[in-house]
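Summary of structural features
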Amino acid sequence: MQSAATVLGVIRERGRRGLPLERLYRQLFSPQLFLMAYGRIYANQGAMTPGVTEETADGMSLAKIEKTIGALRTESYRWTPVKRVYIPKKNGKKRPLGLPTWSDKLVAEVVRLLLEAYYDVQFSDRSHGFRPRRGCHTALREITDRWQGTHWFIEGDISDCFGSLDHGVMLGVLAERIHDGRFLSLISRMLKAGYLEDWTWNATLSGAPQGGVASPILSNIYLDRLDRFVEQQLLPEYNRGNRRRWNPPYSRVDGQMKRARKRGDRAALKTLRKQKRQLPCFDPADPNYRRLRYVRYADDWLLGFAGPKREAQEIKDRIGVFLREELMLELSESKTLITHAASQSARFLGYDIRVQYSNTKITSGLRSVNGTIGLYLPRTVIRERCAKYMKGGKPARRPMLIHDSDFTIVARYQAEYRGLVQYYLPAQNVGQLNLLNWVMGLSLLRTLASKHDSTAAKMARKYRATFATPSGPRAGFEVRVERGEGRKPLVARWGGISLQRQRDADIVDRAPDPAHGFRNELVRRLVAGQCELCDSRMDIEVHHIRKLADLRRPGRPDPGRGSDRWPAADARHSSSAPTVTTTSTPVEQQPPPGHELTGERCAGKPARTVREGAVGKGPEPRAPRRRPTSPTTGPGLAVTATLCGAAGGTACVVAARTARAVAVVTAARAGAQPRPGRRGVRRMRVVMPPISPSHQSHHSGSRRVAYGRAVEVRVPAENA
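Residues numbered from 1 in each chain as written. Predicted model: local features only at pLDDT ≥ 70, side-chain atom pairs only at ≥ 80, totals over all residues. Heavy atoms only, no water.

Considering unusual backbone geometry
What counts is decided by this rule: Runs of H or I in DSSP of at least four residues are treated as helices and runs of E of at least two as strands, each being numbered from the N terminus. Three exposure classes are used, based on accessible area relative to the maximum for each residue type with a 1.4 Å probe and protein chains only: buried under 20%, partly exposed in between, and exposed over 50%.
Of note in the backbone geometry, Phe-130 takes a positive phi value of approximately 55 degrees without being a glycine. With respect to the helices and strands, the residue Phe-130 is situated in the loop between helix H4 (102–119) and helix H5 (136–146). The backbone of Arg-133 shows a phi angle near 60 degrees, a positive value even though the residue is not glycine. Looking at Arg-133, the relative accessible area reads 75%, which means it is exposed.

This is how it looks when you write it as C-alpha cells:
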C-alpha cells in the first residue's frame, strides 16, 4: 500500500500539470491517510469538544478507522448534523459556529488533505488565506513590495461569505476538475447535512459550516473563481503602459537648473532645487498609464489602483456584478469602500494602509519615501487593548486571575502582549505599543498585589530582574519555580520584548527534532498496537484529555471514556493520550476485589502494615496538587494506576512521574484482606517483587526502574 505522502504527491503533481482527477473516492480507503489526518487534528482544542453526540478524540483506535473506511467503501457513511453555537464578533453581533462530531472531523480532514494537495498548486499567488506557508504577513508584504504609486484603495468584503456559498456552484466548480461522482456525492451530503439548534434540525440550503474542517479549502476553491476573474479580465484591461511619462513642470525646472549651473548662479540653483523637490518627477495623471493590483485573504480582498476615481468605481461595480451573477454572493456595502491612498487609510487585516509622501526625507539624493506603501498600527487597536486592563481610566487588577499562581499570571500577561507585538512588528508606528506595555505592566503588579494582599510597589521589588535579550539587557519582572536538583527552573518573565520595527516579521516555528523522525509520535504509538501498560495487543485505543491539570483536580472524575481502565498516572507521566487496552484483566490475574492503587503520596514515611480487621481513622486521601518526590530520594512512594493484565500472572503498574524517575513495579496479589475504615478506605503495605526481564522490555528507555518498593492499596468500602 502506498504511503499517504506518496498519494498526496501524485495528486499534487496532477494539479500542477492541470490534469483532472479520476477515481479520487477510492483514496478514502487508505488507512495511512486517516492516520495522517488524525495526527494533524488530535491536538486541536476542538478535538475534545463534542458535537451532537458525545464522541470525541478520546478512545481513538485502528478499529474505528477500519469501521469508517468500511462505511465509505459501501457508500453508507452519513454525515451527522453539526451542533450550532454562537460566538461574539467585534461589532457586538454573534457569529454562528458549527461543531461536528469526531468521526466527521476525521473524514473531513482526509477530504481536506486530498483537495488541498490538488488545488493549492493551482491557486493564485495573490490568495493568502488558509494556505500552507502563507498568512497575513505574506499578504501585507506583497502590498508593501509591489504597490508603489497607488492612488485609490478598493476595500472589499463579502457579506456572510461562508454562510452564503451556493451548493450548486460549489459542486459545479469541483466537477470541472474532479471526475468522480462518488466523491462529489460525499461532498454534497456534507454540505447538506444540516445543523441542530436547540435540538431542532435545520436544513443547510447554502454555505459551508463555519467550524468545519474542510470549510476553508472549499471556500478557497469557490473564491478562486473571483481570483481568476480579476487576473484574467480586470488586470489585463486596467494595466496599461510600461512607465509614466515625465512630469512637464518637473522637466521645465530641471532645465532651468542646468542653465543656472552653467552660469554659476548658486542662489538661483538653490531656489530651483527646493522648487524641484516639491514636484513629482513623473506625471501622476498620465492617461496612458494604469496599474491595478489585487490581494485576497479569505473573504477579505483589497485592490490598489493607479488611475482616476471614476475607473475605480467602475472596477468595484464590475466585481459586485460578477459576485452576484456568477457566485451568488453579495458585497457588504458598509465595508466595501473606495479610499484615497494618500490622504486616507484602508483597513486590511487589522492594519491601516496608506501611501507615504515626504519631500524632506532624502536617501542617496532621492525622495525614496514618496509613493511607497506604509503599514500602521490603528489607534483604535491600542485603545481597545488598553481598555481590557483598565477600570475608571486607570490600570486595574484582573480578579479572574487572582486564584492562579504567580508563575501563571506573569506567563499569561507576557503571552498576550507578545502575540500582539509580533503581529504588528511590520507597522511603522509599532513603538506606540509602549503605552500598552505600561498599562499591562501596572495591571500585572496590581493583580499580584491583590493576590498577596500587598502593594504594587512591593511586588515590583520582589520580582524585579534584568535579563538578556537579542536587543541587549532589559529590565522586567521574573518569576522562578524551582524543580529540584538537576532540573532547570521554570521561568516566567514580563518585559524584554523589543518594539523595534521589523519589515519582514516572519513568525518562525521551532524546527522539528530529527530524532523523532517524520511521523507523528502519537500515530506511531497507535500503529504499534501494543498496550503501554500491559503489552497486550488486543483492542488498543488512545485516550485523550483536554489538559493534564484535569487529572489533579480534587473531586474531579477521570476524563474520557473508559476512565475505569485508563490509569491517570500514565497520562501524567507520558502524555495526555496514553495508548491502553480495552480488555479487562483475567480473573486469575486480578488483585483482590475492590483493590486499586491510589495517587496518595506517603506522608513522609512508608505506609504501615494494616492489621486485618483494624479500623482506620485517617482522612480520605486526596489527589496531590504537586507531583510526588522521586522514589530514589523521597521518603515514601505511592503510585496511581489501575491494575491491568500482564504476562506471567502479574499486573503491571506504571507510576506517576516523579521529580527524578518513573517507578515501574510489578504487583502481586495482596495477602491480607483489610476491612473498610470509617471513611470507607483502608491502607495496607504491599512490597513488590522484582520485575521480570521480559516484562521490563517495553518500559525501557529513559525511564528508571525501582524494585522492592512499598505502595499503598486502596480498598473502597463498597468493594470490601
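Observations concerning the packing of helix H12 (residues 379–387) against helix H14 (residues 434–452)
Note the following rule: Here the axes come from fitting lines to C-alpha atoms, over the contacting stretch only for helices, and the angles between their N-to-C directions go from 0 to 180 degrees. Reported orientations rely on four angle classes, namely roughly parallel under 35 degrees, roughly antiparallel over 145, roughly perpendicular from 65 to 115, and oblique for the rest. Residue contacts are defined here by distance: any two heavy atoms, one from each residue, within 4.5 Å place the two residues in contact. When residue character is reported, Ala, Val, Leu, Ile, Met, Phe, Trp, Tyr, Cys and Pro are called nonpolar, Asp, Glu, Lys and Arg charged, and the others, Gly included, polar.
Where H12 contacts H14, the axes come no closer than 10 Å and their chain directions differ by 0 degrees. Viewed along their axes, H12 and H14 adopt a mutual orientation that is roughly parallel. Residues Ile-382, Arg-385 and Cys-386 of H12 form the contact with H14, whose participating residues are Leu-435, Leu-436 and Val-439. Across the contact of H12 with H14, the residue classes tally to five nonpolar, no polar and one charged.

Points about H4
Because an α-helix completes one turn every 3.6 residues, residues spaced three or four positions apart along the sequence face the same direction. Inclusion rule: For a helix, the expected span equals 1.5 Å multiplied by the residue count minus one.
In this model H4 runs 25 Å from its N-terminal to its C-terminal C-alpha over 18 residues, within 8% of the 26 Å that 1.5 Å per residue would give. Most of H4 is tucked away: 18 of the 18 residues are buried.

Observations regarding the nonpolar core
The criterion, for reference: To qualify as a nonpolar core, a set must consist of buried Ala, Val, Leu, Ile, Met, Phe, Trp, Tyr and Cys residues joined through side-chain atoms within 4.5 Å.
Among the nonpolar cores identified, the biggest contains 86 residues, and Leu-28, Leu-115, Leu-174 and Phe-183 are the most heavily contacted of them. Sort the elements by how many residues they give to this core and H4 lands first, with twelve residues. Once residues lying within four places of it in the same chain are set aside, the contact partners of Leu-174 are Leu-115, Tyr-119, Leu-184, Ile-187, Leu-218 and Ile-221.

What to know about the sheet that holds strand S11 (residues 346–348)
Short version of the rule: Pairing between two strands is assigned when DSSP locates at least 2 bridges connecting them.
The three strands lie next to each other as S11-S12-S13, forming an open sheet whose pairing is antiparallel. Pairing within the sheet leaves two strands with one partner each, and these edge strands are S11 and strand S13 (373–376). Strand-to-strand twist of the sheet, defined as the mean angle between neighbouring strand axes without regard to direction, takes the value 35 degrees. Bridge analysis of S11 against strand S12 (residues 351–355) gives three bridges, and the strand direction is antiparallel. Considered in S12, the bridge of Ala-346 is made with Ile-353.

Some details on helix H6 (residues 167–177)
Let me state the cut-off plainly: Think of a polar contact as two N or O atoms within 3.5 Å of one another; within protein, one of them needs to be a possible hydrogen donor and the other a possible acceptor, and neighboring residues in sequence only count if both atoms come from side chains.
Among all positions in H6, only His-167, Val-169, Met-170, Val-173 and Leu-174 are buried. The elements touched by buried residues of H6 are H4, strand S5 (178–179), helix H7 (181–191), helix H8 (215–238) and helix H11 (309–326). Among the residues of H6, the N-terminal cap falls to Asp-166, whose side-chain oxygen and the backbone nitrogen of Gly-168 are separated by 3.0 Å.

A few points about the packing of helix H2 (residues 31–41) against helix H16 (residues 521–528)
Relative orientation and spacing of two packed helices are given, respectively, by the angle between their axes and the distance between those axes. Let me state the cut-off plainly: Crossing handedness is defined as follows: a turn of the near helix away from the far one that is anticlockwise and smaller than a right angle gives a left-handed crossing, while the clockwise case is right-handed.
Viewed as axis vectors pointing N to C, H2 and H16 meet at an angle of 135 degrees, and their least axial separation amounts to 9 Å. Put simply, H2 runs oblique to H16. Crossing of H2 against H16: the hand is right-handed. Here Leu-35, Tyr-38 and Gly-39 of H2 come into contact with H16, specifically with Leu-522, Val-523, Leu-526 and Val-527. Among the residues making up the contact of H2 with H16, the classes are represented as six nonpolar, one polar and no charged.

Structural notes on the side chain of Asp-120
One can find Asp-120 in the loop between H4 and H5. The contacts of Asp-120, once residues within four sequence positions are left out, are Leu-115, Arg-131 and Pro-132.

Quick notes on the sheet that holds strand S8 (residues 291–297)
Taken in spatial order, the four strands line up as S8-S9-S4-S10 in an open sheet, and their pairing is antiparallel. Each edge of the open sheet carries a strand with a single partner, namely S8 and strand S10 (337–340). Put simply, the sheet's adjacent strands are angled 20 degrees from each other on average, direction ignored. Sheet analysis places strand S4 (residues 152–157) next to S10, joined by four bridges and oriented antiparallel. The residue of S10 that forms the bridge with Phe-153 is Thr-339. Strands in contact with H5 are S8 and strand S9 (300–306); relative to S8, the strand with the most contacts, it is inclined by about 170 degrees.

Concerning the pairing of S13
Two faces, one strand: in a regular strand the side chains alternate between the faces of the sheet. Burial along S13 is two-sided: the face carrying Ile-373 and Leu-375 and the face carrying Gly-374 and Tyr-376 are both buried. Relative to S13, S12 is paired through four bridges, and the arrangement is antiparallel. Directly across from Asp-352, in S13, lies its bridge partner Tyr-376.

Looking at the packing of aromatic side chains
Between two aromatic rings, the relevant description is the distance of the centres plus the angle of the planes. The test is simple: Pairing of aromatic side chains here covers Phe, Tyr and the six-membered ring of Trp, requires ring centres within 6.5 Å, and sorts the geometry by plane angle: under 30 degrees stacked, over 60 edge-to-face, intermediate tilted.
Applying the stated rule across the entire model yields 18 aromatic pairs. For the pair Tyr-77 and Trp-79, a centre-to-centre distance of 5.5 Å together with 90 degrees between the ring planes defines the contact as edge-to-face. Plain terms: the ring middles of Tyr-351 and Tyr-423 are 5.6 Å apart, the flat faces sit at 50 degrees to each other, and that makes the pair tilted. You can see Tyr-351 sitting in strand S12 and its partner Tyr-423 sitting in helix H13 (residues 406–423), a full 72 residues away along the chain. A residue is classified by how much of its surface remains accessible, and Tyr-423, at 23% relative accessible area, is partly exposed.

Some words on the pattern of salt bridges
The condition is simple: Note on definitions: salt bridges are taken to be side-chain nitrogens of Lys or Arg within 4 Å of carboxyl oxygens of Asp or Glu.
Within this structure, the stated rule accounts for 24 salt bridges. Notably, a salt bridge pairs Glu-478 with Arg-480, separated by 3.0 Å at the nearest N-O pair. The exposure class of Glu-478 is buried, given its relative accessible area of 15%. Three or more residues are tied together by salt bridges with common partners; here these are Glu-109, Arg-112 and Glu-116.

As for the confidence of the model for the protein
We count it as follows: Scored from 0 to 100, pLDDT records how confident the predictor is in each individual residue.
In the predicted model, the protein carries a mean pLDDT of 77, and 73% of its residues have values of at least 70. Predicted confidence for residues 508–519 stays below pLDDT 50, and this span has three contacts to residues more than four positions away or in other chains. Scored below 50 in pLDDT, residues 583–621 makes 93 contacts in the model with residues more than four places away or belonging to other chains.

Side note on the pairing of S9
Burial analysis of S9 places six of its seven residues in the buried class, the great majority of the element. Where S4 and S9 come together, six bridges link them in antiparallel fashion. Within S9, the residue paired with Trp-152 across the bridge is Phe-305. As paired elements, S8 and S9 share seven bridges and run antiparallel to each other. Pairing of Tyr-297 across the sheet is with Asp-300, part of S9. Hairpin connection from S8 to S9: two residues lie between these consecutive antiparallel strands, with Ala-298 at a positive phi of about 60 degrees.

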